[in-house]
Amino acid sequence: MKIKADREVCIGAGMCALTLSALFDQDDEEGLVVVLEPEPAAEHRTAVRRAIQSCPSGALSLTE
């Protein structure tokens, strides 16, 4: 599983970081998404999907 973030699409809502702060953060300059662990462990699978679904701009995607 690999997480991809499109910072051009991100609006800085922060839902990903609120949902799963172990894997997502926001940068200090623009508040845009930062993926801390692009290839997370399998035990994070459900939480990663929830975080991606919570993104209002659709900036996050997942490949399996």
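Residues numbered from 1 in each chain as written. Predicted model: local features only at pLDDT ≥ 70, side-chain atom pairs only at ≥ 80, totals over all residues. Heavy atoms only, no water.

Caption draft 1: Structural view of the overall build of the protein chain. Per the secondary structure count, the protein chain includes two helices and four strands. Counting from the amino terminus, helix and strand elements in the protein chain follow one another as β-α-β-β-α-β. Taken over C-alpha atoms, the radius of gyration comes to 10 Å for the protein chain, in line with the 11 Å a tight globule of 64 residues would show. When its C-alpha atoms are laid out on the principal axes, the protein chain stretches across 30 × 20 × 15 Å. Across the 64 residues of the protein chain, 31% fall into the buried class. (Helix = DSSP H or I, 4+ residues; strand = E, 2+ residues; numbered from the N terminus. Rg over C-alpha atoms; globule rule 2.2 N^0.38 Å. Buried < 20%, exposed > 50% of the residue type's maximum accessible area, 1.4 Å probe, protein only.)

Caption draft 2: Structural detail: helix α2 (residues 45-54). The set of residues buried in α2 consists of Ala-47, Val-48, Ala-51 and Ile-52. Projected down its long axis, α2 carries its buried residues within an arc of 135°, all on one side. Pointing more than 90 degrees away from the buried face of α2 are the exposed residues Thr-46 and Gln-53. Packed against the buried residues of α2 are β1 (2-5), α1 (15-19), β2 (24-26) and β4 (60-63). (Arc of directions from axis to C-beta. Contact = heavy atoms within 4.5 Å.)

Caption draft 3: How the structure looks around the nonpolar core. Ranked by size, the top nonpolar core spans 16 residues in total, and within it Leu-20, Leu-23, Phe-24, Val-33, Val-48 and Leu-60 carry the most contacts. Put simply, the parts of the chain that give this core at least two residues each are α1 and α2. Residue contacts for Phe-24: discarding those within four places in its chain leaves Ile-3, Cys-16, Ala-17, Val-33, Val-34, Val-35, Leu-36, Ala-51 and Leu-60. (Core = buried A, V, L, I, M, F, W, Y, C linked by side-chain atoms within 4.5 Å.)

Caption draft 4: Seen up close, the environment of Gly-31. Relative to the assigned elements, Gly-31 resides in the loop between β2 and β3 (33-35). We classify Gly-31 as buried; its relative accessible area is 17%. Distance in space between the C-alpha atoms of Gly-31 and Gly-14 is 7.7 Å, their sequence separation being 17 residues. Setting aside residues no more than four positions away along its own chain, Gly-31 makes contact with Gly-12 and Gln-26.

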